[in-house]
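Structural overview for review
Take a look at the letters that make up each chain.
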Amino acid sequence: MAQLTVHAPGLDLPNPLMLASGLQGGSVSALERVAKSRCGGLVSKSIGPSPREIYPGPVCVEAMNGVILNAMGLPNPGVDAFSKMLANNEFAKPMLVSIFGPDSESFSNIAIKMEKSGATALELNLSCPHSKPGSTALIVGQQPNLIHEYVSAVKDVVNIPVYAKLTPNTASIAIEAGAALNAGADGISLINTVSALEIDPFAGRPIIGNLLCGMSGPTIRPIAQRKIAEVALAMRRGDIPVAPILGMGGITTGLDVARFIMLGATAVQIGSALIYDDIDVFETIEKELNDFMDVQGFRDLESMRGIALDSLEGLN
Amino acid sequence: MKKHTHTKERDKHFNLNALVEACCERMEKEYQQHNRLPTPIPSPIIEITKESNGVSTIWIQVPTILATDYKPGQYFMCWNPYDSEGGMSKKNYNSEKPYSVGDIRVDRSGIDEETAPDQGLDGSTMMGFTIKNLGRQSGELIKMEKGDWFAIRGPFGTNFQTPNFGETLILVSGGIGSTPMHMAAKEARNKLGDKLTIHSIMGFQTSDDVHYHDKMGEICDSVTVTTDDGSFGLQGYPTIPLREIISNCEPSNTKLFTCGPEPMMKPVLEICEENGIESYAAMERYLPCSVAACGLCMVGDRLTCRQGPVMEGSWLLEQDDFGSPHYH
Ligand SMILES: Cc1cc2nc3c(=O)[nH]c(=O)nc-3n(C[C@H](O)[C@H](O)[C@H](O)COP(=O)(O)O)c2cc1C
Ligand code: FES
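What this report covers is the structure whose coordinates are included nearby. Keep in mind it's a predicted model, so treat the numbers as computed, not measured. (Residues numbered from 1 in each chain as written. Chains lettered and ligands numbered in written order. Predicted model: local features only at pLDDT ≥ 70, side-chain atom pairs only at ≥ 80, totals over all residues. Heavy atoms only, no water.)

Turning our attention to the sheet that holds strand E3 (residues 55–61) of chain B. Residue and element names in this part refer to chain B. In space, the 4 strands of this open sheet follow the order E2-E3-E7-E6, with antiparallel pairing throughout. Single-partner strands in this sheet number two, and they are strand E2 (47–52) and strand E6 (103–105). Looking at each pair of strands side by side, their axes are set apart by 25 degrees on average, direction ignored. Pairing of E3 with strand E7 (residues 126–132), which is carried by 7 bridges, proceeds in the antiparallel orientation. Counted as the bridge partner of Thr57 is Thr130 from E7. (Pairing = 2+ DSSP bridges. Helix = DSSP H or I, 4+ residues; strand = E, 2+ residues; numbered from the N terminus. Axes fitted to C-alpha atoms, helices over the stretch in contact; angles between N-to-C directions.)

Below you can see the structure in the form of structure tokens.
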């Protein structure tokens, strides 16, 4: 059996398979249920400054084979309720607490409360709009100057490690990753959902209640892999600081995990796969990964990490 | 100018039946590929039956395979893509909601002439969703008319198992919990004929809500209606007639299914526990996503959308978060 443990800032994981933010992670009972599976770690639902209701449905639909579309509207209990739940519960697995807010001040206030309640690491969901005038058309994650501002604001007020979660909907992801890392981020999570839209031709309107949506699931995996490779290569070249990458986007099998690790990911997150097979996916994927590594003779994750980057090194 | 896809806005050459057929064909293709409808498929409403004040059944045509594969207790996510004013902005309360099927009319044209009353338009197969006006969202559904779009996605979730030969089945419903009870009765009777005794207890708030008791009367050996205010049937809760029916049953040979608000189901399940009767309940929770994504439908350590809605009564009674009201 291969050695699957992962050590990254704030994360000592028995295996590299983390729950991705937003999937089942908004309540203690749901997180506890996931923690009991074979996952290696958890990421909470993104928690904001105040409670938010879910958008009108349909909120999450399998629109085609391998295509998951969602617009949940970041439903969450709000920082006060969630930090109380954090303080009163021990989870069986390490957890990144995902947070979001309307501005950098809100991010840092939430970060302080989460650290006080016992969070051991944070993930900043930068795929949210910036409420200050002048930049509402873009989300924070599309503006390197704002990424820098938000990450710095949080790093200034907490001591726990901070991961910046990036959107794939930009021209050159290495620039956004660099902005986060130069501001002191301890790691990068990518990718969030790909912006999307689907129309029902009979009803003549979008099939998602919110109209616009984000796409995830197996079909976005090649996009995610490209983005991860771009960030990992920029790190190799020394263009941006070296830091752990938590890779995600469309992972459903152990072989997919191997692909991400070979592109330089330290660990992975799994989201949409739960829509197909619920939390049992962690056990299946762990076994597939183990079998693959055994038959290939990889004794641990380090021995296969980044090997697919060698062939890409000359590229820009 | 605002363009509409509403069937009423179309010109005189428009043929509603042809559109219904096209939507039905689309459903069939999707269903054959995925064994469910993974994405909401809209279809024009072909009939609306008023069951009582504030309770209506919306009928749409579906491929026969969807109806014959359907198991009682499973639910569909139901959605009107436009609200009653033709709008679809986020502010309107036309969210998708879970409903279990209330009635099915299967096309048996090739099978048996005698089941004619069971047939839909032109002998097609129809599914009926029975909806009570519970607030803004279901209120929008209640306002719908023939020709309006009605989209379904599913079926999802666990189901009631068919009882065994020679058993007694007790069905206890509260409000529109009547729908899965009706389908369970219908299925059991279809499969087991008279080798099964079915007692139905149907609880309602007032006589205005009473529905489906005639349908149940045609299938069940006994039907008892209760209303909270005594305006129809017995006054009080379903637990009163339940104790009496149980006293005449052999517990080891009896099963109970229930569906309704949790404060109604809890005492019903407790009576089953006291008497050693196997019980199953269909949970009426709000299921925002239905696909194990949001995590907002937990009961104990289970996701209602996937590990429910039908769950064992004995298990439910052990959960702290079972039994309080959940509003839609
Ligand atoms: C239903 C759903 C809800 C999500 N909610 C969040 C969220 O609250 N915060 C966040 O950072 N990402 C959220 N995501 C994005 C995922 O964490 C992940 O980045 C993306 O889905 C790609 O991974 P996957 O293909 O394995 O799902 C959500 C995704 C889905 C499908
Ligand atoms: S309804 Fe969303 S997880 Fe069950």
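This brings us to the sheet that holds strand E6 (residues 67–70) of chain A. Paired through backbone hydrogen bonds, the strands of a sheet run either parallel or antiparallel to each other. Residue and element names in this part refer to chain A. Across the sheet, which stays open at both edges, the 4 strands sit in the order E5-E6-E14-E11 with antiparallel pairing between neighbours. Edge positions in the open sheet fall to strand E5 (60–64) and strand E11 (194–196), since each of these has one partner strand only. Between one strand axis and the next, the sheet turns through 40 degrees on average, direction left out of account. In this sheet, strand E14 (residues 213–216) lies alongside E11 in antiparallel orientation, the contact comprising 3 bridges. Across the sheet, residue Val194 finds its bridge partner in E14, namely Met215.

So, about the packing of helix H6 (residues 239–247) of chain B against helix H7 (residues 262–275) of chain B. Residues and elements named next belong to chain B. Closest axis-to-axis distance for the H6/H7 pair is 10 Å, and the angle between their directions is 20 degrees. Here H7 runs roughly parallel to H6, going by the angle between their axes. In this structure, H6 crosses over H7, and the sense of that crossing is right-handed. On H7, the residues that touch Thr239, Leu242, Arg243 and Ile246 of H6 are Pro267, Val268, Ile271, Glu274 and Asn275. Grouping the amino acids of the contact of H6 with H7 by side-chain chemistry returns 5 nonpolar, 2 polar and 2 charged. (Parallel < 35°, antiparallel > 145°, perpendicular 65-115°, else oblique. Left-handed = near helix turned anticlockwise from the far one by under 90°. Contact = heavy atoms within 4.5 Å. Nonpolar A, V, L, I, M, F, W, Y, C, P; charged D, E, K, R; others polar.)

All names here are of chain B. For the structure on display, the rule yields 9 aromatic pairs over all chains. Both rings, one in Phe129 and one in Phe150, keep their centres 5.7 Å apart while their planes meet at 45 degrees; by these two values the pair is tilted. Within this pair, whereas Phe129 is found in strand E7, its partner Phe150 is found in strand E8 (residues 149–156), the two being separated by 21 residues in sequence. There is no split in this pair, since Phe129 and Phe150 are both buried. Here the aromatic rings of Phe160 and Phe257 are separated by 4.5 Å at their centres, their planes lie at 20 degrees, and the arrangement is stacked. In this pair, Phe160 sits in the loop between E8 and strand E9 (168–174) while Phe257 sits in strand E13 (residues 254–260), placing the two residues 97 residues apart along the sequence. Summarising the burial analysis for this pair, Phe160 and Phe257 share the class buried. (Phe/Tyr/Trp six-rings, centres within 6.5 Å; stacked < 30°, edge-to-face > 60°. Buried < 20%, exposed > 50% of the residue type's maximum accessible area, 1.4 Å probe, protein only.)

Honestly, it's all geometry; don't read function into it.
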